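Architecture at a glance
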Amino acid sequence: PHSISRHLSCPGTRVASVGSEEQPSGGAETGTEDKTLQKKFSEVQKERREQAQRTVLIHCPNNINEKKFLKYLSQHGSISNHFFYESFGLYAVVEFCQKDSINSLQNGTHTPTQSTEAAIPFKSRFLNLKLKNPSNQVSGQSFVQADSQSPPSSKKLFELLSYAESIDAQLTALLKAFQLTEENVRLRHLTCSLIEDIAAAYFPSCVVWPFGSSVNTFGKLGCDLDMFLDLDETGNLSDHKNTGNFLMEFQVKNVPSERVATQKILSVIGECLDNFGPGCVGVQKILNARCPLVRFSHQGSGFQCDLTANNSIALKSSELLYIYGSLDSRVRALVFGVRCWARAHSLTSSIPGAWITNFSLTMMVIFFLQRRSPPILPTLDSLKSMADAEDRCILEGNNCTFIQDINKIKPSGNTETLELLLKEFFEYFGNFAFNKNSINIRQGREQNKPDSSPLYIQNPFETSLNISKNVSQNQLQKFVELARDSAWILEQEKKDQPSSSSHPWGLAALLLPPGAGQTSLSRKKKKKPMSEKVKGLLASIKSNSPDRSTDASGK
Ligand code: CTP
Ligand code: MG
């Protein structure tokens, strides 16, 4: 039951069509292929935010009648879109055509009174719907169809992979099964918007932007929700009136450093979320990390959230990845394949540590695609050279300029298949001189490592930082060995073509531990029936808990 109830009716409202079926441009977030004009990252983010501000999250009784529910809500204004999903209960995301409708709805909403506990009367857009007369609703009505917001079951994925006709088709099927859905993207922006309302109690004009894999086109269902609390509305200050002899400044408190300011702000917002935030549980303040953050779970959306502040460079690097992910349809398919492969072999983990992160793997794939001949992706330097005055961006003294309009970038003439690219990826990194060289997507070529970190991937904007500083020699070695094995498996597959679909083949074979696959390095260790092993493995790549494979301190 993966179909989702949906309703679109908002005559004449241009903004209502963001990401909808009618106008899929800007759909790169969810992978909707769109060969017409692609929207700029900043445009997509602004539209999504505006959309989220017209939206409410409602916990509903399980036996709700959809028609009556919509009729009841429509008293407050037309609804442009809605869907239901399951996450420890039934929830509805309801988007109105007009923001005013939310006020009207909130005016008719009560703060609950209980005899045993007292409520903090915070009036948010996270609501609870109760039936006045529960028995009335059930009679003869079908229940709503609810989506799950989780990745597909291991059984489903196993089927998908075995029925695909080629490795290319397997990689595409994997991408389709794991990428964020339109509904999931809406829910992510809505959750940020709900948190923004709480932070606005302190900083009325703040913005909470999602960043990282929620918006960079590489998000997998179940991945965490990275949020950035923006107190200067990045980029919006420049058009202020600046005439005359005077310059007006705010009176402010001063603290010893930017870092201390960030820590102080996150500390109070963390307290606020913990004490007053509806649905915010397990709030942890991790303020001594390199990038201080507040981590919490948002009940209702079910997301594991990481809130940071003063982190505009990370938002910019999400935009860069968005551009790379949107430029060529092979990029995302390859990244998803590599990420699932790494997860299946425990190269990545949900526990912070010496493991490779998804972010590092993505950079490795981008670098590899820059090295193809002809290149599939342009270097960051060449994206910078295509930039015009509007694209100019300096953040914390770092030049983060690159072209923002994807439509102006010439598509690659490279026609290599995904199967070939996957095999070559493993071969390339199976033989990479990690001991000497660093990976650098700015220049698109290896450079001498500036220090002795086992894996050195230069941060594209803060060029003195290594994004994979946390990776140990052991973990790197494991990655290299598995890459070699995988290249070998794919090479064998090519030789003995007739791969019967009863055995795991292609991508499914790659997801098995070394030695377990039919075609792998002839280590005869077949204890369990193959199908069981495949299922176990596929279960492990399906993230049942939020997929956090990053060292928070390494950001
Ligand atoms: N980031 C960074 N340097 C790091 C780690 C993270 O700049 N060493 C930034 C990147 O922009 C990254 C974002 O922080 O996309 C979020 O980090 P994280 O959640 O670890 O990675 P995601 O890309 O969101 O991937 P995942 O799906 O694993 O969450
Ligand atoms: Mg993330």
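Residues numbered from 1 in each chain as written. Chains lettered and ligands numbered in written order. Predicted model: local features only at pLDDT ≥ 70, side-chain atom pairs only at ≥ 80, totals over all residues. Heavy atoms only, no water.

Let us look at the environment of Ala-333. Relative to the assigned elements, Ala-333 resides in helix 10 (residues 329-344). Taking relative accessible area as the criterion, Ala-333 reaches 2% and is therefore assigned buried. Not counting residues up to four positions away in its chain, the partners in contact with Ala-333 are Leu-171, Leu-175 and Leu-418. (Helix = DSSP H or I, 4+ residues; strand = E, 2+ residues; numbered from the N terminus. Buried < 20%, exposed > 50% of the residue type's maximum accessible area, 1.4 Å probe, protein only. Contact = heavy atoms within 4.5 Å.)

Another aspect to go through is the coordination of the magnesium ion (ligand 2). All of the protein donors around the magnesium ion (ligand 2) are Asp-224 (OD) and Asp-226 (OD); their distances to the metal are 2.1 to 2.2 Å. Across this residue pair, the class does not change: Asp-224 and Asp-226 are buried. (Donors = N, O, S within 2.8 Å, 3.2 Å for Na, K, Ca; no water.)

Let us look at the pattern of salt bridges. Applying the stated criterion to the full structure yields 21 salt bridges. Salt bridges sharing partners connect three or more residues here, namely Arg-48, Glu-50, Arg-54, Glu-95, Glu-182 and Arg-186. (Salt bridge = Lys/Arg side-chain N within 4 Å of Asp/Glu carboxyl O.)

Attention now goes to helix 7 (residues 182-199). Each α-helix winds once per 3.6 residues, and so residues spaced three or four apart point in a common direction. In this model helix 7 runs 26 Å from its N-terminal to its C-terminal C-alpha over 18 residues, within 8% of the 26 Å that 1.5 Å per residue would give. For helix 7, the tally of buried residues reaches 17 of 18 residues, placing the bulk of the element in the interior. (Expected span 1.5 Å × (residues − 1).)

Another point: the nonpolar core. With 85 residues, the main nonpolar core has Trp-341, Met-364, Phe-429, Phe-434 and Phe-479 as its most contacted residues. The element that contributes the greatest number of residues to this core is helix 10, accounting for 10 residues. In this structure Phe-429 touches Met-364, Phe-367, Phe-368, Phe-434, Ile-439, Phe-479 and Val-480, once residues within four positions along its chain are discounted. Among the nonpolar cores identified, the runner-up in size contains 32 residues, and Phe-83, Phe-126, Ile-265 and Phe-296 belong to it. (Core = buried A, V, L, I, M, F, W, Y, C linked by side-chain atoms within 4.5 Å.)

Another aspect to go through is the pairing of strand 7 (residues 280-286). Summarising the sheet, strand 7 and strand 8 (residues 293-298) pair through five bridges and their orientation is antiparallel. When the bridges of strand 8 are listed, Lys-285 appears paired with Val-294. In this antiparallel pair of consecutive strands, strand 7 and strand 8, the connection spans six residues. (Pairing = 2+ DSSP bridges.)

Right, let's talk about helix 10 for a bit. Over its 16 residues, helix 10 extends 23 Å from the first C-alpha to the last, a length consistent with the 22 Å expected when each residue adds 1.5 Å. Among the 16 residues of helix 10, 15 are classified as buried, and the element is accordingly described as predominantly covered. N-capping of helix 10 is provided by Asp-328, with a side-chain oxygen placed 2.9 Å from the backbone N of Arg-330. Ser-346 occupies a position one or two residues after helix 10 and carries a positive phi of about 55°. (Polar contact = N/O pair within 3.5 Å; in protein donor to acceptor, adjacent residues only side chain to side chain.)

Time to look at unusual backbone geometry. Trans is the prevailing form of peptide bonds, just as negative phi is the prevailing case for residues other than glycine. Residue Pro-374 is bonded to the preceding Ser-373 through a cis peptide linkage, with omega at -10°. Looking at the secondary structure, you find Pro-374 in the loop between helix 11 (358-370) and helix 12 (380-385). With a phi close to 50°, Phe-88 is a non-glycine residue in the positive phi region. Position of Phe-88 relative to the elements: it lies in the loop between strand 2 (79-86) and strand 3 (90-96). Unusually for a residue other than glycine, Thr-217 sits at a positive phi of about 80°. The exposure class assigned to Thr-217 is buried, which follows from its relative accessible area of 2%.

Bringing the environment of Gly-279 into the picture now. Summarising the element assignment, Gly-279 is placed in the loop between helix 8 (258-276) and strand 7. As for Gly-279 and Gly-302, which are separated by 23 residues in sequence, their C-alpha atoms are 9.3 Å apart. Sequence-distant contacts of Gly-279, defined by excluding residues within four places in its chain, comprise Phe-126, Ser-297, His-298 and Gln-299.

We now examine the sheet that holds strand 5 (residues 207-211). The strand order across the open sheet formed by five strands is 5-6-9-8-7, and the pairing between neighbours is mixed. Both edges of this open sheet fall to strand 5 and strand 7, since each of them pairs with a single strand only. Sheet twist, expressed as the average angle between the axes of neighbouring strands with direction ignored, equals 25°. Here strand 5 runs beside strand 6 (residues 225-230); their pairing, made up of five bridges, is antiparallel. In the strand pairing of strand 6, Val-207 is matched with Asp-230. (Axes fitted to C-alpha atoms, helices over the stretch in contact; angles between N-to-C directions.)

Looking now at the side chain of Ser-87. For Ser-87, the location among the structural elements is in the loop between strand 2 and strand 3. Take Ser-87: its relative accessible area is 16%, and that puts it in the buried class. Sequence-distant contacts of Ser-87, defined by excluding residues within four places in its chain, comprise Gly-300 and Gly-302.

Read across the open sheet, the four strands follow the order 2-3-1-4; overall the sheet is mixed. Looking at the sheet topology across the chains shown, the edges are occupied by strand 2 and strand 4 (126-128). Across the sheet, the mean angle from the axis of one strand to that of its neighbour is 25°, orientation sign disregarded. Relative to strand 3, strand 2 runs antiparallel, the two being bridged by seven bridges. Bridge pairing in strand 3 links Tyr-85 to Tyr-91. Lying over the sheet, helix 2 (residues 66-74) contacts strand 1 (55-60), strand 2 and strand 3, oriented at roughly 135° with respect to strand 2.

With that out of the way, let us pick up the packing of aromatic side chains. Taken as a whole, this structure holds 22 aromatic pairs when the rule is applied. When the centroid spacing of 6.3 Å and the interplanar angle of 40° are considered together, the rings of Phe-83 and Tyr-85 count as tilted. Of the two residues, Phe-83 and Tyr-85, neither departs from the other in class, the shared state being buried. Relative to Tyr-428, the ring of Phe-368 has its centre 5.9 Å away and its plane inclined at 55°; by these criteria the two rings are tilted. Placement of Phe-368 in helix 11 and of Tyr-428 in helix 13 (residues 418-430) is noted, with a sequence separation of 60 residues between them. Among the aromatic residues, those joined into a cluster by ring pairs are Trp-341, Phe-367, Phe-368, Phe-425, Phe-426, Tyr-428, Phe-429, Phe-432, Phe-434 and Phe-479. Sitting above the plane of the Trp-209 ring, Arg-49 keeps its charged end 5.8 Å from the centroid. Between the NZ or CZ atom of Lys-316 and the centre of the ring of Phe-402, over which it lies, the distance is 4.7 Å. (Phe/Tyr/Trp six-rings, centres within 6.5 Å; stacked < 30°, edge-to-face > 60°. Lys NZ or Arg CZ within 6 Å of the ring centre and 35° of its normal.)

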